[in-house]
Amino acid sequence: MRVIKFLVTRLNITIFLLLLQIIALLSLTAFVFIRWPIVSTLGTLLSFVVFLNLVKKDKPSAFKLTWVIVVLTFWQIGGIVYLLFGDKRPTRKVASYVDEHALIAKYLDKDDNLPQIASENNKRMSSIFQYIKNASSYHAYKKTNTSYYAFGEDMFADMLADLRKAEKYIFIEYFIIKESSMWDQILEIIVAKVADGVDVRLIVDDFGSMKLFTNRYIRELRAKGIKIVRFNPLRPQLLMFMNNRDHRKIIVIDGHTAYNGGTNIADEYINLKSRFGVWKDTGIRLRGEAVWSFTLMFIEMWDLFCAEKERINDYEAYRYQNGLDIETGSDNGIVIPFGDSPLDNEQLGENVYIDMLNQAVDYVYIFTPYLIISESMIYALQMAAKRGVDVRIVTPGIPDKKLVFRLTRSYYRFLLESGVKIYEYTPGFMHAKSFVCDDKIAVVGTINLDYRSLYLHFECATLLYDAAVIDEIKLDCLRSIGVSEEVTVRETRMPLLGRFVDAVLHLFAPLM
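Residues numbered from 1 in each chain as written. Predicted model: local features only at pLDDT ≥ 70, side-chain atom pairs only at ≥ 80, totals over all residues. Heavy atoms only, no water.

### Overview of the sheet that holds strand β8 (residues 283-288)
The mixed open sheet is built from seven strands, whose spatial order is β1-β8-β6-β5-β2-β3-β4. Of all the strands in the sheet, just β1 (144-149) and β4 (227-231) have a single pairing partner and so form its edges. On average, adjacent strands in this sheet sit at an angle of 10° to one another, irrespective of strand direction. As judged from the five bridges shared by strand β6 (residues 257-261) and β8, these two strands associate in the antiparallel manner. Note on β8: the bridge partner recorded for Ala258 is Leu286. Together, β1, β2 (169-174), β5 (250-253), β6 and β8 form the strand contacts of helix α10 (residues 152-164), whose direction differs from that of β6 by roughly 155°. (Pairing = 2+ DSSP bridges. Helix = DSSP H or I, 4+ residues; strand = E, 2+ residues; numbered from the N terminus. Axes fitted to C-alpha atoms, helices over the stretch in contact; angles between N-to-C directions. Contact = heavy atoms within 4.5 Å.)

### Description of unusual backbone geometry
Even without being a glycine, Ser137 presents a positive backbone phi close to 75°. Of note, Ser137 is situated in the loop between α9 (123-136) and β1. The phi dihedral of Asp254 falls on the positive side, at around 55°, and the residue is not glycine. By the secondary structure assignment, Asp254 is in the loop between β5 and β6. Residue classification places Asp254 among the buried residues on the basis of a relative accessible area of 7%. (Buried < 20%, exposed > 50% of the residue type's maximum accessible area, 1.4 Å probe, protein only.)

### Notes on the packing of aromatic side chains
Counting across every chain of the model gives 18 aromatic pairs. Geometrically, the ring pair formed by Phe276 and Trp279 is tilted, given 6.2 Å between the ring centres and 40° between the ring planes. Each of the two residues, Phe276 as well as Trp279, counts as buried. Linked through ring pairs, Tyr169, Phe171, Phe298, Trp302 and Tyr318 together constitute an aromatic cluster. Against the face of Phe151 rests Lys280, its NZ or CZ located 4.3 Å from the ring centre. Its end group placed over the ring of Phe414, Arg413 keeps NZ or CZ at 5.0 Å from the ring centre. (Phe/Tyr/Trp six-rings, centres within 6.5 Å; stacked < 30°, edge-to-face > 60°. Lys NZ or Arg CZ within 6 Å of the ring centre and 35° of its normal.)

### Topic: the packing of helix α14 (residues 348-359) against helix α15 (residues 375-386)
Contact pair α14 / α15: the axes reach a minimum separation of 9 Å and the direction vectors enclose 15°. In terms of axis orientation, α14 runs roughly parallel to α15. Taken as a pair, α14 and α15 cross one another with a handedness that is left-handed. Residue-level inspection shows Glu350, Tyr353, Ile354, Leu357 and Asn358 of α14 in contact with α15, the latter providing Ser376, Met377, Ala380, Leu381 and Ala384. Residues of the contact of α14 with α15, tallied by class, amount to seven nonpolar, two polar and one charged. (Parallel < 35°, antiparallel > 145°, perpendicular 65-115°, else oblique. Left-handed = near helix turned anticlockwise from the far one by under 90°. Nonpolar A, V, L, I, M, F, W, Y, C, P; charged D, E, K, R; others polar.)

### Brief notes about the sheet that holds strand β16 (residues 459-465)
Spatially, the eight strands line up as an open sheet ordered β9-β16-β15-β14-β10-β11-β12-β17, and their pairing is mixed. Taken across any chain shown, the strands that pair with only one partner, and hence form the sheet edges, are β9 (334-340) and β17 (484-486). When strand polarity is set aside, the average angle formed by the axes of neighbouring strands in this sheet is 20°. With four bridges connecting them, strand β10 (residues 363-367) and strand β14 (residues 434-437) associate as antiparallel partners.

### A word on the pattern of salt bridges
On inspection of all chains with the given rule, the structure shows 19 salt bridges. Two residues, Arg248 and Glu173, come together in a salt bridge whose shortest N-O distance is 2.9 Å. Of this pair, Arg248 sits in the loop between β4 and β5 while Glu173 sits in strand β2, and the two are 75 residues apart along the sequence. Grouping residues by exposure puts Arg248 and Glu173 together as buried. Across the salt bridge formed by Asp476 and Lys280, the nearest N and O atoms sit 2.7 Å from each other. On the criterion of sequence distance, the pair formed by Asp476 in helix α19 (residues 470-482) and Lys280 in strand β7 (residues 278-280) is long-range, its members being 196 residues apart. Each member of the pair, Asp476 as well as Lys280, is classed as buried. (Salt bridge = Lys/Arg side-chain N within 4 Å of Asp/Glu carboxyl O.)

### Points about the pairing of strand β12 (residues 421-425)
Most of β12 is tucked away, with four of its five residues classed as buried. Of the pairings in the sheet, the one linking strand β11 (residues 390-396) to β12 comprises five bridges and is parallel in character. Bridging across to β12, Pro396 finds its partner in Tyr425. With three bridges connecting them, β12 and β17 associate as antiparallel partners. The partner of Glu424 across the bridge, within β17, is Glu485.

### Some details on α15
Here α15 contains 12 residues, and its C-alpha end-to-end distance of 16 Å stays within 8% of the 16 Å for a straight helix at 1.5 Å per residue. Among the residues of α15, Met377, Ile378, Ala380, Leu381, Gln382, Ala384 and Ala385 are the ones counted as buried. As for α15, its buried residues are in contact with α14, β10, β11 and α17 (412-416). Residue Gly388 follows α15 closely and has a positive phi angle near 100°. (Expected span 1.5 Å × (residues − 1).)

### Things to note about the nonpolar core
Nonpolar side chains in soluble globular proteins tend to end up buried together. Grouped together as the largest cluster of nonpolar side chains are 115 residues, with contacts concentrated most on Ile132, Phe338, Ile373, Leu381, Leu415, Leu449 and Leu463. Among the elements that take part in this core, helix α13 (residues 291-305) stands out by supplying 11 residues, more than any other. Once residues within four sequence positions are removed from consideration, Ile132 is found in contact with Ser137, Tyr138, Ile336, Phe338, Leu348, Val352 and Leu463. Counting 34 residues, the second-largest nonpolar core is a separate cluster that includes Leu160, Ala166, Ile170 and Leu212. (Core = buried A, V, L, I, M, F, W, Y, C linked by side-chain atoms within 4.5 Å.)

### Quick notes on the side chain of Asp340
When you line up the elements, Asp340 lands in strand β9. Among buried Asp, Glu, Lys and Arg side chains, Asp340 stands out as unpaired, with Arg248 the closest opposite charge at 9.3 Å. Within the structure, Asp340 has its side chain in polar contact with the backbone nitrogen of Gly349 (distance 2.9 Å). Setting aside residues no more than four positions away along its own chain, Asp340 makes contact with Glu346, Gln347, Leu348, Gly349, Leu454, His457, Phe458 and Glu459. (Lys, Arg positive; Asp, Glu negative; His and termini not counted. Polar contact = N/O pair within 3.5 Å; in protein donor to acceptor, adjacent residues only side chain to side chain.)

### So, the packing of α10 against helix α11 (residues 181-195)
Look at α10 against α11: their axes get within 10 Å of each other, and the N-to-C directions meet at 10°. As the angle between them shows, α10 and α11 are arranged roughly parallel. In this structure, the crossing between α10 and α11 has a hand that is left-handed. Of α11, the residues touching α10 (which contributes Phe156, Leu160, Leu163 and Arg164) are Met182, Gln185, Ile186, Ile189 and Lys193.

Set out below in structure tokens:
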């Protein structure tokens with residue numbers, strides 16, 4: 001019975017139907033090629049045209065190389081395969097994200113205090129603030145208190161307390177929500193809040209949360225008064241735009257409090273359940289003016305997928321209106337929440353990380369679960385280390401995906417030989433995504449150092465400058481490094497077969 005139940009899940013049915021379509025497509029192609037040889041010639045010509053288009057395409061070289069290999073290896077059908085899977089256009093709803101973001105940009109622009117910040121801070125830092133504003137419209141804020149959490153369970157305790165205090169609205173947007181004690185506790189609170197008249201809205205990624213959020217379960221939640229939408233619903237159609245997921249993790253409460261970080265909603269993220277040893281995640285809470293960016297970030301995604309009658313037309317109604325009576329005097333740092341989209345041809349998350357490496361003087365400490373990076377990121381890490389910057393990267397000691405972990409390790413040698421130090425988190429799985437640099441600047445959010453996060457997914461993060469909480473982030477890094485095992489160059493040396501396997505994995509890294 002358990003086997004049958006596993007096989008008939010929506011994900012497995014979707015995969016099965018997609019495989020049937022692929023088999024049918026290949027069979028039809030083979031039949032047509034045998035019956036009409038001219039079609040084979042046309043397929044080869046199409047592959048050549050696709051190859052020329054790839055060469056001149058404004059895409060990262062790693063993506064282009066992967067598809068060039070596929071197209072040239074399977075020259076008769078490579079062009080068709082690329083058109084089906086390589087560069088599909090988004091669905092109309094997802095594509096309209098660009099228009100939706102243009103709407104919220106007008107509200108973000110009302111808070112432009114960059115000239116004041118530029119006059120108070122060094123020009124080098126002001127330039128990265130300007131870049132984020134120009135690339136994504138997100139602005140820098142002061143008058144915002146920040147709290148840093150070294151583990152998901154620490155953040156969860158405060159999150160529950162703040163959810164209980166909600167009076168007007170609760171926005172929740174997550175990549176993964178599983179059936180768990182963590183979700184049960186959140187659900188109990190938000191159901192009670194709906195009964196009190198609080199506006200509760202929930203966005204879940206349809207792939208990441210597919211197992212729990214069935215059609216029946218969504219109807220049950222809606223019956224309890226929770227407004228809910230699924231991001232980019234997964235459908236068994238080859239031509240669907242399914243590779244870009246909503247990897248963001250956001251909670252906004254009444255416009256004055258927001259949570260962001262790597263922690264999804266499942267028991268392993270707060271160490272109630274052990275899957276890969278100790279689960280190491282980080283998060284941040286904002287209280288103050290900068291929460292407005294996360295509020296608008298949620299609204300733009302909500303309005304893409306909600307029913308017309310549930311659209312949020314009056315953005316200002318969700319802004320904190322009671323004056324900033326939150327205590328912010330203890331922290332004069334600058335806070336910039338920002339979102340990264342795969343639709344704008346701007347690798348914002350990667351560029352912010354690279355800028356931190358380029359401007360670093362003393363050190364850069366990095367937490368990441370995956371290390372599958374582009375040439376640009378490799379060069380930035382190598383160059384920083386060669387300039388004498390203390391660059392340290394902490395990756396998992398216990399992996400969640402063995403193949404991806406092997407690919408992560410395959411990048412070690414390039415970095416170690418340049419002076420980058422790499423540590424594997426011995427207690428368990430490092431799922432945190434954060435940078436801290438020179439006691440002055442840090443990023444905490446959802447953006448992994450892999451192609452999916454940097455190029456394919458919708459992501460979000462919080463950049464901090466000169467904030468008191470940066471000392472805590474640095475201390476957490478040093479503590480984590482203290483319980484991790486340093487990787488040596490000798491450990492990365494592989495026999496010929498191993499080097500060949502790693503080289504092949506590198507070729508297909510952008511697809512993993």
